[in-house]
Amino acid sequence: MAFIRKRRQEQQQQLYSKERFSLLLLNLEEYYFEQHTANYIFNKDGRERRKIRGSLKICSKSVIFEPDEISHPIIKIPLRDCIKIEAPEDSDTNDFYAGALPGQISILSNQAFLTKEQNVIAPFKMERGKTEYLFQLDIAGKVDDVLHTLHQLYRASHLDKLGDQAAMITAILQSRLARTPFDKNRFQNVSETLHMECKAEMVTPLVTNPGLVCITDANLYFQPLNGYPKPVVQVMLHSVRRIYKRRHGLLPLGLEVFCTENNLCSDIYLKFYNTQDRDNAYFFMATYLENHVTEHTAESYMLQWQRGHISNYQYLLHLNNLADRSCNDLSQYPVFPWIIADYSSSELDLTKPETFRDLSKPVGALNKERLERLLIRYREMPEPKFMYGSHYSSPGYVLFYLVRVAPEYMLCLQNGKFDHPDRMFNSIAETWKNCLDGATDFKELIPEFYENDSSFLLNSLKLDLGKTQGGKIVDNVELPPWASDADDFLQKSQDALESQYVSEHLHEWIDLVFGYKQKGNEAIAAQNVFHPLTYEGGVDLNSIMDPNERVALLTQILEFGQTPKQLFTIPHPRRIIPKFKSFPRASSHDFSMPESPGEESFEDLTEESITLAWNHMTRLKIDGQHKIHRGAITGIAVPYSSNQSSIFTTSQDSTLKMFSAESKMLQRSISFSNMALSSCLILPGDTTVVCSSWDNNIYFYSIAFARRQDTLMGHDDAVSKICWHNDRLYSASWDSTVKVWQCIPADLPGTKKRFELLAELEHDVSVNTINLNAAYTLLASGTKEGSISIWDVTTASILHQLPCHSGTVSDAAFSPDSRHLLSTGEDGYFKVTDVQTGMIISSMRSEEPQRCFKWDGNTILSGSQSGELLVWDIVGGKIVERIAGHSGTVTCMWMNERCSSIITGGEDRQIMFWKQQY
């Protein structure tokens, strides 16, 4: 995990530099200002003076002395415990200072802390009682400046109210930053162009480090005010892959920069002092970066997850990232769910539902008895009500899990102490049990439980974490019986997270944490209500004028935990689970064995050929082109049994034409009226062609008798598109309706059919296109104003109505599994809609409108306004191939069942035959 990796990098750097000091020795919200080489002078045995060489570090709430020799402890003197700070040569009241040398500073304090003696990480030792500490700076001329700073900070630390303390320290900090220019000599190249420079803080877990940000046309620089951990941090812009605006301390001030594609380990996290500086930095970086992809949306990741292109683990990482969860911010650390509920069996059975936690409920609602007690309290509580007095993610919970690899973070958070041994992370089973039964424990997990680094479960640092009341030494985390070791535990946890059961139910947990059950009435119904301060927008810190109230609120929010930013406001769709060939089985998450070799069905072979065809869609070549109309072609239909020997086309020239692919000759031309024909199809049996017309009618043409057979005068305006299934005709019209007709066969051959109107699907505006799903249970309609409607044709009821496009919808089609609907319009966008929820989960923009397309759920073949055929990777959101074709807009497209043969028609009045090159 990023946190552990970063911690190890820090440890390696400290090992290399032999530096024991860390910003984690500071208090929360404390700043490190400057350091000076100095000696610590003390009386040994009350007689002999001794000097210890080291560095004196001036911080906003303390003075820290780090000896060069690791055998000596680091001394931390809190300024609030100081009685007096002065230069000894100015005092004549103490014999200890007799013969004081220039450059000395005396600190009289009631209390100090000692730590890292012999470089061992352990709870701080406390030195109580009035003690004088004498330091001698190497450069005596700096004493006055150092004393001036210390006196300012001393006064700030002794103010009664925390808000007043914070305000004074902030003023001191800002003054120092204003007086410190960015060192342009740190630029990598003298020819770099400066874009912006401003004050900011670099954020790492529990720490903010003030300094200056500088952005050029080639690099992002951060120069720490204190020169720690190095004089300048540099990130090359050409290596950046992702940048995210962050909410930090409930305010829109953060910016996180990644030079990686798919993990949570960022290269730098910056907190600016105002939103304008943050947005300017984002603008300069985003507009320059060639490799920067526009921030992925939660919906685009959802599409990748639904279709199996990313794992459950990867999807949760992306959602956490988009919801402002960062490894650099422990109050918003990535949150992962408890998955396994069985920590007592000797074997872990991932085929049993009872092995898993109920993902539709928050942790606090998993135990019915406890939930009843919480609900009684909730009903009696005055507004604002909340069900749970603690959160499912907080800095304390994160470090509860990570104390063995991040002990200094725990010491920082808990004022130099580890937690009580009985409250430590001692056992997986005990922790789960407490989350089920504990009165105030509702925590979820962190990503480390589903990764490959098991060090957080092992006491490899040999930390002295104490003994429990039962006398047991706290060492490695106790694992469940089904895990042979820590690595095996993580592997089985990963298997559980990626199991079919979790894939089928993970969307339920996402609804609770990132989705529509996070807030409001749905959260109440789901027993998922936390304290109001944990939610984004729960309090406006900018509106709080009292600095003390502001500091108190911010401290409470940061320590209590924060609910992720809400990503979804409607139910999250389920994952598309692959269908396994098997006989009916009792359990929905049993994996079945494939059928025996040699038992492949015709459908299996067809599916393989379709997959092969789409894999080679980028290799389309023109196999013939013919100009057969005098106007733009609007429809193409091929008889099912003709093997493409006869091609029927309609055109705006008002004719239906029959073209022989074998002889390359036009065989028939039929005109039904003097108005354009808009589409055509062939009825099963290959004896009748149906055409829709702008003259409000639908025409039936008999191929065998070569004449018009029937006319359906069905609409009050142009008919734009028709579909047919099982003796039902579906017709869309500019009169704002889609009509469903039942065809009643003629009593005698050659006589007219009768049509009975079964349903009329009303729209607000003209309908331009319709399409049926593969099961013929759903119909999608697209209008001239850009809206998409999804209808259940079995009940003639509307499921969703969505404003998808800003112009006319040109084409819409369901994916083969009916889970998604793809649409395109005059605005040049492709939109993917989840059919179950009505959520738009992907949006891709092309340089020009796409008028027609075919797709298999992952890849799109579209006809563009310029005449090209474009092949799109919809999950990757990009064009993968451009194929030259028509000399004008591609207006319609036909594809055979195996997707291996394609015919297109265009405004250039041509039809083009396409073949794939295997």
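1. Concerning the overall build of the protein
Scanning the protein from N- to C-terminus turns up 15 helices and 42 strands. A principal-axis box enclosing the C-alpha atoms of the protein has dimensions of 125 × 65 × 55 Å. Burial statistics for the protein: of 918 residues in total, 57% are counted as buried. Intrachain contacts of the protein at a sequence separation of at least 6 include 56% that bridge at least 24 residues. In the form shown here, the protein has an accessible surface area of approximately 39800 Å², with 49% of it arising from carbon and sulfur atoms.

2. Here's the deal with helix α11 (residues 486-497)
Over its twelve residues, α11 extends 17 Å from the first C-alpha to the last, a length consistent with the 16 Å expected when each residue adds 1.5 Å. For α11, every residue scored as buried is listed here: Ala486, Asp488, Phe489, Leu490, Ser493, Gln494, Ala496 and Leu497. Among the structural elements, α6 (312-322), α10 (428-437) and α12 (500-513) are those in contact with the buried residues of α11. Regarding α11, its N-cap is Asp485, as a side-chain oxygen of that residue lies 3.2 Å from the backbone nitrogen of Asp487 further along.

3. Looking at the sheet that holds strand β28 (residues 767-772)
As summarised here, the arrangement of the four strands in space is β28-β29-β30-β31, forming an open sheet in which the pairing is antiparallel. Looking at the sheet topology across the chains shown, the edges are occupied by β28 and β31 (797-803). Taken over all neighbouring pairs, the strand axes of this sheet differ in orientation by 20° on average, direction set aside.

4. Considerations on a negative patch on the surface
Negative charge collects at one region of the surface, where Asp160, Asp164, Asp546 and Glu549 lie side by side. For Asp160, the location among the structural elements is in the loop between α2 (143-157) and α3 (162-178).

5. Quick word on the confidence of the model for the protein
Chain-level pLDDT for the protein is 89 on average; 91% of the residues reach the 70-or-more range. pLDDT under 50 marks residues 12-17. Its contacts with residues more than four places away, or in other chains, come to five contacts. The model gives residues 579-604 a pLDDT under 50, and that stretch makes 27 contacts with residues more than four places away or in other chains.

6. A closer look at the sheet that holds strand β8 (residues 194-204)
Spatial ordering of the open sheet is given by β11-β10-β9-β8-β14-β13-β12, a layout of seven strands whose pairing is antiparallel. The two strands at the open ends of the sheet, each matched to only one other strand, are β11 (233-236) and β12 (242-248). Neighbouring strand axes in the sheet, compared pairwise and without regard to direction, differ in orientation by 30° on average. Note that strand β10 (residues 219-224) and β11 share four bridges and pair antiparallel. Bridge pairing links Leu220 to Val235 in β11.

7. Side note on the packing of aromatic side chains
For the coordinates displayed, the defined rule picks out 41 aromatic pairs. Geometrically, the ring pair formed by Phe113 and Phe124 is tilted, given 6.4 Å between the ring centres and 55° between the ring planes. With Phe113 in strand β6 (residues 104-115) and Phe124 in the loop between β6 and β7 (125-137), this residue pair connects regions lying eleven residues apart in the sequence. Classification of Phe113 by relative accessible area gives buried; the value is 13%. Owing to a relative accessible area of 19%, Phe124 belongs among the buried residues under this scheme. Taken together, the ring pairs connect Trp338, Tyr343, Phe400, Tyr401, Phe425, Trp432, Phe449, Phe456, Trp482 and Phe489 into an aromatic cluster. The ring centre of Phe21 lies 4.7 Å from the NZ or CZ of Lys57, which sits over that ring.

8. A word on the pattern of salt bridges
Taken as a whole, this structure holds 26 salt bridges when the rule is applied. Here Glu34 makes a salt bridge to Arg176, at a shortest N to O gap of 2.3 Å. Separated by 142 residues along the polypeptide, Glu34 in strand β1 (residues 32-44) and Arg176 in helix α3 bring together distant segments of the chain. Residue Glu34 is classed as buried on the basis of its relative accessible area, which comes to 17%. Residue classification places Arg176 among the buried positions, given a relative accessible area of 12%. A single salt-bridge network, built from bridges that share partners, covers Arg246, Arg247, Glu256, Asp324 and Lys565.

9. Some words on the environment of Ser846
With respect to the helices and strands, the residue Ser846 is situated in the loop between β35 (840-845) and β36 (850-855). The buried category is assigned to Ser846, whose relative accessible area is 6%. Separated by 767 residues in sequence, Ser846 and Leu79 have C-alpha atoms that sit 61 Å apart. Those residues in contact with Ser846 that lie beyond four places of it in its chain are Gly828 and Trp872. Here Gly828 takes part through its backbone oxygen, which lies 2.9 Å from a polar atom of the side chain of Ser846. One polar contact links the side chain of Ser846 to the main-chain carbonyl oxygen of Glu848, over a distance of 2.5 Å.

10. Some details on the packing of α6 against α12
Running from N to C, α6 and α12 point in directions that differ by 15°, and their axes come no closer than 11 Å. In this view, α6 runs roughly parallel relative to α12, as classed from their interaxial angle. Crossing hand, α6 versus α12: right-handed. Residues Asn312, Tyr315, Leu316 and Leu319 of α6 lie in contact with α12, whose contacting residues are Val502, Ser503, Leu506, Trp509 and Ile510. Looking at the contact of α6 with α12, its residues break down into seven nonpolar, two polar and no charged.

11. A look at the pairing of strand β16 (residues 633-637)
For β16, the tally of buried residues reaches five of five residues, placing the bulk of the element in the interior. In the sheet, β16 pairs with strand β17 (residues 646-651) via four bridges, with the strands oriented antiparallel. Within β17, the residue paired with Gly635 across the bridge is Thr650.

Cut-offs used in this document
- Residues numbered from 1 in each chain as written.
- Predicted model: local features only at pLDDT ≥ 70, side-chain atom pairs only at ≥ 80, totals over all residues.
- Heavy atoms only, no water.
- Helix = DSSP H or I, 4+ residues; strand = E, 2+ residues; numbered from the N terminus.
- Buried < 20%, exposed > 50% of the residue type's maximum accessible area, 1.4 Å probe, protein only.
- Contact = heavy atoms within 4.5 Å.
- Areas by Shrake-Rupley, 256 points an atom, 1.4 Å probe, with all protein chains shown as cover.
- Expected span 1.5 Å × (residues − 1).
- Polar contact = N/O pair within 3.5 Å; in protein donor to acceptor, adjacent residues only side chain to side chain.
- Pairing = 2+ DSSP bridges.
- Axes fitted to C-alpha atoms, helices over the stretch in contact; angles between N-to-C directions.
- Patch = residues over 30% accessible without salt bridge, like charges linked within 9 Å, V, L, I, M, F, W, Y side chains within 5 Å.
- Salt bridge = Lys/Arg side-chain N within 4 Å of Asp/Glu carboxyl O.
- Lys, Arg positive; Asp, Glu negative; His and termini not counted.
- Charge placed at Lys NZ, Arg CZ, Asp CG, Glu CD.
- pLDDT = per-residue confidence, 0-100.
- Phe/Tyr/Trp six-rings, centres within 6.5 Å; stacked < 30°, edge-to-face > 60°.
- Lys NZ or Arg CZ within 6 Å of the ring centre and 35° of its normal.
- Parallel < 35°, antiparallel > 145°, perpendicular 65-115°, else oblique.
- Left-handed = near helix turned anticlockwise from the far one by under 90°.
- Nonpolar A, V, L, I, M, F, W, Y, C, P; charged D, E, K, R; others polar.

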